[in-house]
Amino acid sequence: MEQDETADLTQQAAEIAEIGQGLWGQALVFGESLLRPWNAYQLGIILITFLVAQAVGTFVAPKLHQWLRTREGWPKWRLRWALVVHKRIRGMVFVTLIWIVLMVMREATWPSRSYIIAIAANLALAWLIVTLATRLIGNPFMRSIVRYGAWAWISLRILGLTEPTVGVLDAISYEAGDFRLSLWLVLQGVFILSVFFLIARFISRQTSTRVKSNDDISPSMQVLLVKFVQVVLYGAAFFIGLKAVGFDLTGLAVLSGAIGVGLGFGLQKVVSNLVSGIIILLDKSIKPGDVITVGQTFGWINSLGARYVSITTRDGREYLIPNEDLITTQVVNWSHSNDFVRLDINFGTAYDDDPHEVRKLAIDAALSVDRVLNFRPPVCHIIGFGDSSVDYVLRFWIKDPTGGLTNIRGNVYLALWDAFKEHGISIPFPQREVKVLGGSDTAMGD
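Residues numbered from 1 in each chain as written. Predicted model: local features only at pLDDT ≥ 70, side-chain atom pairs only at ≥ 80, totals over all residues. Heavy atoms only, no water.

Colleague: Is there a simple way to think about the nonpolar core in this case?
Modeller: Burial of nonpolar side chains together is a common tendency in soluble globular proteins. Judged by nonpolar contacts, the single largest core of 25 residues is most densely connected at Phe347, Leu394, Phe396, Val412 and Leu416. Of all the secondary structure elements, the ones that give two or more residues to this core are β8 (341-349), α13 (355-367), β10 (390-398) and α14 (406-422). Of all the elements, α14 adds the most residues to this core, at six residues. Those residues in contact with Val412, other than ones at most four positions away along the chain, are Ile345, Ala366, Val369, Val372, Leu394 and Phe396. Within the second largest apolar cluster, 17 residues are counted, among which are Leu102, Ala120, Ala121 and Ala124. (Core = buried A, V, L, I, M, F, W, Y, C linked by side-chain atoms within 4.5 Å. Buried < 20%, exposed > 50% of the residue type's maximum accessible area, 1.4 Å probe, protein only. Helix = DSSP H or I, 4+ residues; strand = E, 2+ residues; numbered from the N terminus. Contact = heavy atoms within 4.5 Å.)

Below, the structure written as C-alpha cells:
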C-alpha cells in the first residue's frame, strides 16, 4: 500500500516537473523576445501611456470629486457608482489611451510590432470590467474571490496559458481508492460555489424586499417566508454548485446522515431554539414591533432570529432572549391583539376631603396628559379606608406602550399633584405621637 502511494506521488511529481519545465521554457522564450528592439519599444510605449494616465488622473480626480460634492439631489445608487468611477479614473484613462495607441500602431506598422501592447490593452480592459462588475457583490470576501478568480482566468486565456496551468493544478491531487481531489477541482468548487451563493443572495434580497413590502402578510409570516426562502436558496446553491463541479453527492448524503446523528445530541439546545422560533412564527404570538415583558426585561422586539429574539429596552440595551424561553416561560405581550394598555396608579387623600371631588379632579388630571386616551376615559374608584387616608385607584388607557410605561405614570402623578395642590386636597402621611412616661430616665433628665 505504501509502495503504491509512493509511486503515485513520484508520478505526480514527474508530471508537475514536466509541465513546469514547459512553462519555464515558454517564459524564457518570452523573456528573450522582450530584448528585441520593437518589443522594448512596446514596453516603453506602455510605460509612457501609464505615466500619462497617472498624470491625467491626478489632474481630473480632484475636479471630479469637487463636482460630485455639488450633486446633492442625486439618488444614492448614482452617487455610489460615481464614487466608483472617481476611484478608478486612472485605470479608465489608461485603458482608453492604451487602446487608442493600439489602434494607431496597427494602422501605422505591422501587427507583430503591437503584439505586447495588445496584451497589455486586453489585460487592462479585463481588469477594469471585472472590477466594475464585481462592485455589484455586497460581501467583501465573495467579491474578492470572484474578482481575482475571474481576472486570473481571463489573464491566462489572453496569454494562452490555460492548458498548462490547468495541467499543473490538476496534477496536484490526493487520491484514495476511487476518490480523487485535485487542486484544480478545489479552485473550481470555490469559484462556482461563490457564484451560486452570490446568485442565491441576490434572489433572497429581492424576495425579502417584495415580501416585506406586502401589507397583506403579517410581520411574523414575513420573517418565516424570508427565512424559508433563504434556507432553500442557499441549500440549492450549495448542492448545485457541488454537482456542477462533479462532486459525488451520494457519499455526501451518507456522511451528512452520520454527522447529523452525532451532532443531534450535542446541539439539542440549538435545535430546540430553532424549532421554538418556527413555532413562534407560525402561531404569531409575538412579532417585530411588539412590546413584551419577559421576567424583569421590558422592551420592544427588534427582530426574530433563528436562535434568539432581539429585545431593545428603554435604556438602549439589547437583550438576546433564546426562543425556547419565550415558549416555556410566561411572556406579557402588551400589544398582542391591539396596542391598548390599561395602567393603574394608587393614591390616598385625607378623610376631610370630599371623595366625589377627589374622583373628579383625578379623572380631569389624567385627561390633561397627552398620551392618555379620551375615547377610553379614565376612571377613579375608592378601594378602601386606610389608617391614615382614603385609598383610591386611578385607571387610564394608552395605545403606545413603546413610548414607555414609567414615564406616563410619572406624568399622571405629577398632574395629580398639581390638581390637588390647586384645590387644597391634602395627601396624608402616617403621623405618630411619642409620650414620655413619668419616672423614666428621659423625664428625669429633663
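Next, the rest of the story.
Colleague: I would appreciate a short explanation of the packing of helix α6 (residues 140-159) against helix α8 (residues 183-212) in the present structure.
Modeller: At a minimum axis distance of 10 Å, the contact between α6 and α8 shows a crossing angle of 125 degrees. Between α6 and α8, the angle is such that the two are oblique. By crossing handedness, the relation of α6 to α8 is classed as left-handed. Across the interface between the two elements, Met142, Ile145, Val146, Gly149, Ala150 and Trp153 from α6 touch Trp184, Val190, Phe191, Ser194, Phe197 and Leu198 from α8. Among the residues making up the contact of α6 with α8, the classes are represented as 10 nonpolar, two polar and no charged. (Axes fitted to C-alpha atoms, helices over the stretch in contact; angles between N-to-C directions. Parallel < 35°, antiparallel > 145°, perpendicular 65-115°, else oblique. Left-handed = near helix turned anticlockwise from the far one by under 90°. Nonpolar A, V, L, I, M, F, W, Y, C, P; charged D, E, K, R; others polar.)

Colleague: When you look at a positive patch on the surface in this model, what are you seeing that I'm missing?
Modeller: A cluster of basic residues, Lys76, Arg80, Lys87 and Arg135, forms a positive patch at the surface. Considering the arrangement of structural elements, one finds Arg80 in helix α3 (residues 76-87). (Patch = residues over 30% accessible without salt bridge, like charges linked within 9 Å, V, L, I, M, F, W, Y side chains within 5 Å. Areas by Shrake-Rupley, 256 points an atom, 1.4 Å probe, with all protein chains shown as cover. Salt bridge = Lys/Arg side-chain N within 4 Å of Asp/Glu carboxyl O. Lys, Arg positive; Asp, Glu negative; His and termini not counted. Charge placed at Lys NZ, Arg CZ, Asp CG, Glu CD.)

Colleague: When you look at the packing of aromatic side chains in this model, what are you seeing that I'm missing?
Modeller: How two aromatic rings sit relative to each other is given by the distance of their centres and the angle of their planes. Applying the stated rule across the entire model yields five aromatic pairs. With centroids separated by 5.9 Å and ring planes inclined at 75 degrees, the aromatic side chains of Phe50 and Phe94 adopt a geometry described as edge-to-face. Taken together, the positions of Phe50 in helix α2 (residues 37-68) and Phe94 in helix α4 (residues 89-108) put the pair 44 residues apart, joining distant regions of the chain. Take Phe50: its relative accessible area is 40%, and that puts it in the partly exposed class. Between Phe347 and Phe420, the aromatic rings sit 5.7 Å apart at their centres with planes inclined by 50 degrees, giving tilted as the arrangement. (Phe/Tyr/Trp six-rings, centres within 6.5 Å; stacked < 30°, edge-to-face > 60°.)

Colleague: What exactly am I supposed to notice about the side chain of Ser389 here?
Modeller: Looking at the secondary structure, you find Ser389 in the loop between β9 (379-385) and β10. Polar side-chain contacts of Ser389 include one of 3.0 Å to the side chain of Asp391. Ignoring any residue separated from it by four or fewer positions in sequence, one finds Ser389 in contact with Gly348, Thr349, Tyr351 and Pro428. (Polar contact = N/O pair within 3.5 Å; in protein donor to acceptor, adjacent residues only side chain to side chain.)

Colleague: Teacher, can you tell me more about the sheet that holds β9 here?
Modeller: Strand-to-strand pairing in sheets goes through backbone hydrogen bonds, with the strands running parallel or antiparallel. Reading across the sheet, the three strands line up as β8-β10-β9 and stay open at both edges, with antiparallel pairing between neighbours. Among the strands making up the open sheet, the edge pair consists of β8 and β9. With strand direction ignored, the average angle separating the axes of adjacent strands in the sheet is 25 degrees. Bridging between β9 and β10 involves six bridges; their strand directions are antiparallel. The residue bridging Gly384 from the neighbouring strand is Asp391, located in β10. Across the sheet, α14 is in contact with β8 and β10; its angle to β8 comes to roughly 35 degrees. (Pairing = 2+ DSSP bridges.)

Colleague: Before we go on, may I ask you to explain the side chain of Asp353 in this structure?
Modeller: Relative to the elements of secondary structure, Asp353 occurs in the loop between β8 and α13. No salt bridge is formed by the buried Asp353, whose closest oppositely charged neighbour, Arg359, lies at an N-O distance of 14 Å. What Asp353 contacts, discounting residues up to four positions off in sequence, is Val358, Gly424, Ile425 and Ser426.

Colleague: Honestly, the sheet that holds strand β4 (residues 297-304) in this entry has me stumped. Any pointers?
Modeller: Ordered by their spatial adjacency, five strands build an open sheet running β6-β5-β4-β3-β7, and the pairing between neighbours is antiparallel. Unpaired on one side and paired on the other, β6 (318-322) and β7 (331-333) mark the two borders of the sheet. The average undirected angle you get between the axes of adjacent strands in this sheet is 40 degrees.

Colleague: Looking at this structure, how should I read the pattern of salt bridges?
Modeller: Side chains carrying opposite charge are able to pair once their charged atoms draw close together. The tally for this structure, following the rule as stated, stands at five salt bridges. Asp290 is the partner of Lys287 in a salt bridge, and the nearest nitrogen-oxygen pair spans 3.1 Å. Between Lys360 and Asp364 there is a salt bridge, with its nearest N and O atoms 3.2 Å apart. In this pair, Lys360 and Asp364 are both assigned in helix α13, four residues apart and thus about one turn of the helix distant. A relative accessible area of 54% places Lys360 in the exposed class.

Colleague: What am I meant to see in the packing of helix α5 (residues 115-133) against α6 here?
Modeller: A pair of packed helices is captured by two measures, namely the crossing angle of their axes and the spacing between those axes. Two elements in contact, α5 and α6, have axes separated by 10 Å at closest approach and are oriented at 160 degrees. Classified by the angle their axes make, α5 and α6 are roughly antiparallel. The chirality of how α5 crosses α6 is right-handed. From α5, Ile119, Asn122, Leu123, Ala126, Trp127, Val130 and Thr131 reach across to α6, where they touch Arg147, Tyr148, Ala150, Trp151, Ile154, Ser155, Ile158 and Leu159. Across the contact of α5 with α6, the residue classes break down as 11 nonpolar, three polar and one charged.

Colleague: Help me understand the pairing of β6 in this model?
Modeller: Each regular strand shows side chains that alternate between the opposite faces of the sheet. Two elements, strand β5 (residues 308-313) and β6, share five bridges in a ladder whose sense is antiparallel. Following the sheet pairing, Ile311 is matched in β6 by Tyr319.

Colleague: Mind showing me how you'd approach a nonpolar patch on the surface here?
Modeller: Among the surface-exposed residues, Ile48, Val52, Val56, Phe59 and Val60 lie close enough to one another that they form a single nonpolar patch of about 420 Å² accessible area. Of note, Val60 is situated in helix α2. Take Val60: its relative accessible area is 30%, and that puts it in the partly exposed class.

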